[in-house]
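Structure at a glance
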There are 2 protein chains.
Amino acid sequence: MTWESIERLKTAAERNALAISEVKAAGRKVVGLYCLYSPAEIALAAGAVPVVLCGTRNDPIATAEQVLPRNLCPLIKSSFGFAMEGSCPYLSAADLVVADTTCDGKKKMFELLGEMKPVHLLHLPSTPGEEALPFWREQLSGLVKRVESDFGVTITDQNLADAIKLANRERRALKALMDLPQMEPAPVTGMQMLEMLFKLGFFADRETIIELAEGVVNEVQAAAKAGTLPERKGGPRILLTGVPVGMGSHKVVRLIEECGGQVVCMENCTGYKKADLVAETGDPLTALARRYLSTPCSVMAPNQGRFDLLEQLVANFRPHGVVDLTWQACHTYNVEAYKVRNFLRDKFDLPSLHIETDYSEADAEQLKVRIEAFLEMIG
Amino acid sequence: MTWESIERLKTAAERNALAISEVKAAGRKVVGLYCLYSPAEIALAAGAVPVVLCGTRNDPIATAEQVLPRNLCPLIKSSFGFAMEGSCPYLSAADLVVADTTCDGKKKMFELLGEMKPVHLLHLPSTPGEEALPFWREQLSGLVKRVESDFGVTITDQNLADAIKLANRERRALKALMDLPQMEPAPVTGMQMLEMLFKLGFFADRETIIELAEGVVNEVQAAAKAGTLPERKGGPRILLTGVPVGMGSHKVVRLIEECGGQVVCMENCTGYKKADLVAETGDPLTALARRYLSTPCSVMAPNQGRFDLLEQLVANFRPHGVVDLTWQACHTYNVEAYKVRNFLRDKFDLPSLHIETDYSEADAEQLKVRIEAFLEMIG
């Protein structure tokens, strides 16, 4: 099924790499971000352009393995391979890369990246509890100072508050988009949603992101209201949880839908982990610290937020099954998979399939057999 | 070559498991420790017995893999397997396990261990910098409160200061022991040193540890002075760096010495990372926080302390080559290996061999070939 607004988004996204070089040529600073723990608002507050960096393609991995171990998460190897090859236009444009000590592999990779690019490393605590908030706020404060010093600007509380409001508008637009598949059958496929969410990350202008996301929501909702939603076969509804995915690392989403399932929700950093708002009142840096620290990634020990989010998403998206995706050698998601399986079974009687894979197509046929069997079981 | 004092140590160690149950039967509390970031002094200050927990044998790993992923460091899987099987007498005796969020695998494993045993998790920052010190001191303060509450005791600053002095005496004794192989040829083998350091970790009484370590130092130094050191063929002197090793995970040390090398120093948590003293003046909890946070493990980003320590050890132990050992799937040591190799080559023109392995004997023959070739090259 095709939507005019989705085509518009995809066409607009084709200019993203060019747009970032134009923005840079016009004298604006560019801040590259790898991880959801790194607050885009600080770049926005500095009048700079925050942009997500590349890390979802398989082809730079061989290059990365000249320096990094093979037994490391493909996302980390891909990111580093892009940097070694100079093949990510957003990284090339970045005046500063904001990194954080999310996981073992990333924090050590960022040390090596720091020899190629200016990297500001945020030391992320391993607990989202209030006990860690002052330390994390100080880390964000250090980033504010670094951006001020590197870019020769002053970041006021008002700048931060304005940036929070803008980023929250974007979050609301993305959440409305991600909520569309609550309809049955879902009006957009998981692959369509993934492509949209992925491509929206590379726009230089936040208003464009908001406008494009709202355009899709409006078109779909209007069709639903008018009873003109295109016909669609509804297969088993699948909630995808676990590691982030993107174009180039979309294998499992593609396979689920090729096998007749519908990926209706992504509990990951590509998807729903982006949706939570930042408080718009009080000290803006504390609000940012609190919100970003509460991102329910498996690097937190324990990571209660993920189970709370899963509970909410199961209620809202009514999946028939859950696919829990772990990138190879991502220890935290891999170990947490045990708890996730038990939680879904004990609390919702919901079957789940844990998949550990990488970006390559080597295991695609084998995965297809497992996914088909899983869909048949729950179908 | 045999030393009476080493035989005495080994004989005494045979009673360790029994001793811990006697101590417990006598009403003393036992605190289990997995990692060098967890301060034994807090247990000592509470009048409890700190003891290292099991995690160096291969056989419990199959059990652990029922719950944990296969692609995880053998040390973590072994520790968890011991817990599942109830086969570590020290863990069985432990009233409280002190754990820390050292690395991705450990912090997530400790979540699961918490369902079996009372675990107090310390949130370790990823930087040894002063910026992290107040947060880390608060973590240690939280452990003091937990121990006070669980054991019904009060821990005063004087208790902590006394514990620091005792632990420092132990550190001085262990350092003197570890310094013996500065002699050429080394008067004790790497395997003998490893066995001593490993077994000393399981004694319930610190004075016994000090006495046994000093006994070996005194006997060897007396023989050196008297010119009665036993004859020993001196092969290439090897500095071992990287992950901790112990009895059961001693494969690489054994192979190096079977191939004619002498392991003269271990820059790891079994060896020299233990040696640094805690300041005996000022606020004791701050002194503990500063010292423990400065442990130069690869989980720190960056981990300058390791390079400083390597520089000092290269000067003092005069190795002909370095073996850098990484347990499979230990991402931080695995990524840091790249920097270590370059550092040793560029700074000291010192050849190094990076080995990634697990606790099994599956690759022993293959490793032997690589180690033989390395020793031949540097010999």
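Presented here is a report on the structure given in the accompanying data block. Residue numbers here run from 1 along each chain, matching the order of that chain's written sequence. Starting at A for chains and at 1 for ligands, labels are handed out in the order in which the entities are written. In keeping with the predicted nature of the model, local features appear solely for residues at pLDDT of at least 70, side-chain atom pairs appear and are counted solely at 80 or more, and the whole-chain, interface and lining totals rest on all residues. The side-chain figures draw on all heavy atoms in the structure; neither hydrogens nor water molecules are used.

**A closer look at the sheet that holds strand E2 (residues 49-52) of chain B**
Within a sheet, each strand pairs with its neighbour through backbone hydrogen bonds, oriented either parallel or antiparallel. Residue and element names in this part refer to chain B. The sheet built from four strands is open, its strands ordered E2-E1-E3-E4 with parallel pairing. The strands lining the two open edges of the sheet, one partner per strand, are E2 and strand E4 (119-122). Neighbour-to-neighbour, the strand axes of this sheet turn through a mean angle of 25°, independent of strand direction. Here the rule is simple: two strands pair whenever DSSP picks up at least two bridges between them. What counts as a helix is a DSSP run of H or I of at least four residues, what counts as a strand is a run of E of at least two, and both are numbered from the N terminus. The sheet contact formed by strand E1 (residues 30-33) and strand E3 (residues 96-100) spans three bridges and is parallel. Residue pairing for E3: Val 31 is matched across the bridge by Leu 96. Running over the sheet, helix H8 (residues 133-151) touches E1, E3 and E4 and is turned about 165° from E4. Lines are fitted to the C-alpha atoms to define the axes, a helix being fitted only along its stretch in contact, and any angle between axes, read from their N-to-C directions, falls within 0 to 180 degrees. Throughout, a contact is declared for two residues whenever any of their heavy atoms are within 4.5 Å.

**With respect to the environment of Leu 91 of chain B**
Structurally, Leu 91 of chain B can be placed in helix H6 (residues 89-93). With 37 residues separating them in the primary sequence, Leu 91 of chain B and Cys 54 of chain B have C-alpha atoms 7.5 Å apart.

**Side note on the nonpolar core**
Nonpolar core, defined: a set of buried Ala, Val, Leu, Ile, Met, Phe, Trp, Tyr and Cys residues in which side-chain atoms within 4.5 Å join the residues together. The cut-offs for exposure are 20% and 50% of the maximum accessible area for each residue type, with area from a 1.4 Å probe on protein chains only; residues under the lower value are buried, those over the upper are exposed, and the others partly exposed. Ile 42 and Leu 177 of chain A together with Ile 42 and Leu 177 of chain B are the most contacted members of the largest nonpolar core, which has 281 residues in total. Excluding residues that lie within four positions of it along the chain, Leu 177 of chain B makes contacts with Met 193, Met 196, Leu 197, Leu 200, Ala 213, Val 216 and Val 217 of chain B.

**Structural notes on the pairing of E3 of chain B**
Residues and elements named next belong to chain B. In terms of burial, E3 is largely enclosed, as five of its five residues are buried. By the alternation rule, side chains of E3 split into Leu 96, Val 98 and Asp 100 and Val 97 and Ala 99, which are all buried. Pairing of E3 with E4 involves four bridges; the strand directions are parallel. Bridging across to E4, Val 97 finds its partner in Val 119. Crossover handedness is defined here as right-handed if the route from the first strand over the helix to the second strand goes clockwise, with the strands pointing away from the viewer. Running through helix H7 (residues 104-113), the crossover from E3 to the neighbouring parallel element E4 is right-handed.

**Considering the relation of the copies chain A and chain B**
Copy-to-copy superposition: least squares on the C-alpha atoms, limited to residues that have pLDDT of at least 70 in both copies. Rotating chain A by 180° about the axis while translating it 0.0 Å along that axis superimposes it on chain B, leaving an RMSD of 0.0 Å. Such values leave the two copies arranged in the relation of a two-fold axis. In this assembly, 97% of the residues forming the interface of chain A have copies in chain B that are likewise at the interface, indicating an isologous arrangement.

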